[in-house]
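The primary structure of each chain is shown beneath.
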Amino acid sequence: MEERQPLWDATQTRILDAADALIERRGVHGVTIAELARRADLSRPTIYRNWSDADDVVRAALLRRVDGILSTFSADARTRTALVDDVLRFTTLFRSDPVYGRLLADEPEAFTRYTLQRVGSSQRMILRWLARAISSAQGDGSVRPGEPQEIAVMLLLIAQSAVLSHGTVADLISEAAWERELRAALDGLLRP
């Protein structure tokens, strides 16, 4: 389906597993090179041979999680309806992911720093997935004409905003209504 990220070797996987555990337990502020080394049972130099600092490890851990979520989609959507369904399924998986869920619930500023302040590897991976699906759905006429990459950027912005703001508006809108309205916004953006 997707051009895959390079597989992480066994040492990198141990480090990323340690980062996941630290983020889940303490948040991103608990991720230090010393803690990663202790939890992964590796030396600090070993971690520095793979990443320049703890921030790089966090970014790699988050990228790996997005890659894992995207790997659950067996094929790109070929219609507008399937594409909207996939984006909604992605948001559900993303929000229920223990690492991203922790960031969204307890450290929205960290979530913003790692996912919204710049377009990083995770967003680029998502954008490639969306652009391919948009292009496919344009082929059947169910998605409006336009540059797939540009439409994908706006689709990502809408979904990211909805996910980030979900907790803020949870008292104002039910889960079912939130999903219904997000579906309508995504569908409206894509409709010919």
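In this report, the structure presented in the accompanying data block is examined. (Residues numbered from 1 in each chain as written. Predicted model: local features only at pLDDT ≥ 70, side-chain atom pairs only at ≥ 80, totals over all residues. Heavy atoms only, no water.)

## Details of the overall build of the protein
Right, on to step 1. Secondary structure assignment for the protein yields 10 helices and zero strands.
Right, on to step 2. For the protein, the sequential pattern of α-helices and β-strands runs α-α-α-α-α-α-α-α-α-α.
Right, on to step 3. Its C-alpha atoms give the protein a radius of gyration of 18 Å, near enough to 16 Å, the size a compact globule of 192 residues would have.
Right, on to step 4. By its C-alpha atoms, the protein is 55 × 40 × 25 Å across when sized along the principal axes.
Right, on to step 5. Across the 192 residues in the protein, those meeting the buried criterion constitute 47%.
Right, on to step 6. Restricting the contact set of the protein to residue pairs at least 6 apart, pairs at least 24 apart contribute 69%.
Right, on to step 7. As presented, the protein carries roughly 9,400 Å² of accessible surface, and 52% of it is formed by carbon and sulfur atoms.
Right, on to step 8. If the 25 positive side-chain charges of the protein are averaged to one point and the 27 negative ones to another, these points end up 3 Å apart. (Helix = DSSP H or I, 4+ residues; strand = E, 2+ residues; numbered from the N terminus. Rg over C-alpha atoms; globule rule 2.2 N^0.38 Å. Buried < 20%, exposed > 50% of the residue type's maximum accessible area, 1.4 Å probe, protein only. Contact = heavy atoms within 4.5 Å. Areas by Shrake-Rupley, 256 points an atom, 1.4 Å probe, with all protein chains shown as cover. Lys, Arg positive; Asp, Glu negative; His and termini not counted. Charge placed at Lys NZ, Arg CZ, Asp CG, Glu CD.)

## Description of a nonpolar patch on the surface
Right, on to step 1. Taken together, Val153, Met154 and Leu157 make up a surface patch of nonpolar side chains, about 240 Å² in accessible area.
Right, on to step 2. Here Val153 is to be found in helix α9 (residues 148-169). (Patch = residues over 30% accessible without salt bridge, like charges linked within 9 Å, V, L, I, M, F, W, Y side chains within 5 Å. Salt bridge = Lys/Arg side-chain N within 4 Å of Asp/Glu carboxyl O.)

## Thoughts on unusual backbone geometry
Most peptide bonds adopt trans geometry, and most residues besides glycine take a negative phi value.
Right, on to step 1. A positive phi angle, near 55°, is found at Asp41, a position not held by glycine.
Right, on to step 2. Within the secondary structure, Asp41 is located in the loop between α2 (33-40) and α3 (44-50).
Right, on to step 3. Residue Asp41 is classed as exposed on the basis of its relative accessible area, which comes to 66%.

## Quick notes on the packing of aromatic side chains
When we look at a pair of aromatic rings, we describe it by the centre distance and by the angle of the planes.
Right, on to step 1. This structure, assessed with the given rule, holds four aromatic pairs.
Right, on to step 2. Arranged with centres 5.0 Å apart and planes meeting at 50°, the rings of Phe73 and Trp129 form a pair that is tilted. Of this pair, Phe73 sits in the loop between α4 (54-70) and α5 (80-96) while Trp129 sits in helix α8 (residues 121-139); the two residues are 56 residues apart in sequence, bridging distant segments of the chain. Each member of the pair, Phe73 as well as Trp129, is classed as buried.
Right, on to step 3. Among the aromatic side chains, those forming a connected cluster through ring pairs are Phe73, Phe90, Phe94, Tyr100 and Trp129.
Right, on to step 4. Here the basic side chain of Arg89 rests over the ring of Phe73, its NZ or CZ set 4.1 Å away from the ring centre.
Right, on to step 5. The ring of Trp178 is capped by Arg95, whose NZ or CZ atom sits 4.7 Å from the centre of that ring. (Phe/Tyr/Trp six-rings, centres within 6.5 Å; stacked < 30°, edge-to-face > 60°. Lys NZ or Arg CZ within 6 Å of the ring centre and 35° of its normal.)

## Description of the pattern of salt bridges
Right, on to step 1. Evaluation of the coordinates by the stated rule reveals 16 salt bridges.
Right, on to step 2. For Arg64, the salt bridge identified is with Asp20, shortest N-O distance 2.7 Å. In this pair, Arg64 sits in helix α4 while Asp20 sits in helix α1 (residues 10-26), placing the two residues 44 residues apart along the sequence. Across this residue pair, the class does not change: Arg64 and Asp20 are buried.

## Quick look at the packing of α1 against helix α6 (residues 98-106)
When two helices pack together, their arrangement is given by the angle between the helix axes and the distance between those axes.
Right, on to step 1. Where α1 contacts α6, the two axes come as close as 9 Å, and the packing angle between them is 35°. As α1 packs across α6, the resulting crossing turns out to be left-handed. On the side of α1, the interface is formed by Asp20, Ile23, Glu24, Arg25 and Arg26, while α6 contributes Pro98, Val99, Arg102 and Leu103. (Axes fitted to C-alpha atoms, helices over the stretch in contact; angles between N-to-C directions. Left-handed = near helix turned anticlockwise from the far one by under 90°.)

## Description of the environment of Thr91
Right, on to step 1. Inspection of the secondary structure assignment puts Thr91 in helix α5.
Right, on to step 2. Note on Thr91: relative accessible area 2%, which makes it buried.
Right, on to step 3. The contact partners of Thr91, leaving out residues within four places of it in the chain, are Ala159, Val163, Trp178 and Leu182.
Right, on to step 4. Of the polar contacts made by the side chain of Thr91, one reaches the backbone oxygen of Leu88; its length is 2.7 Å. (Polar contact = N/O pair within 3.5 Å; in protein donor to acceptor, adjacent residues only side chain to side chain.)

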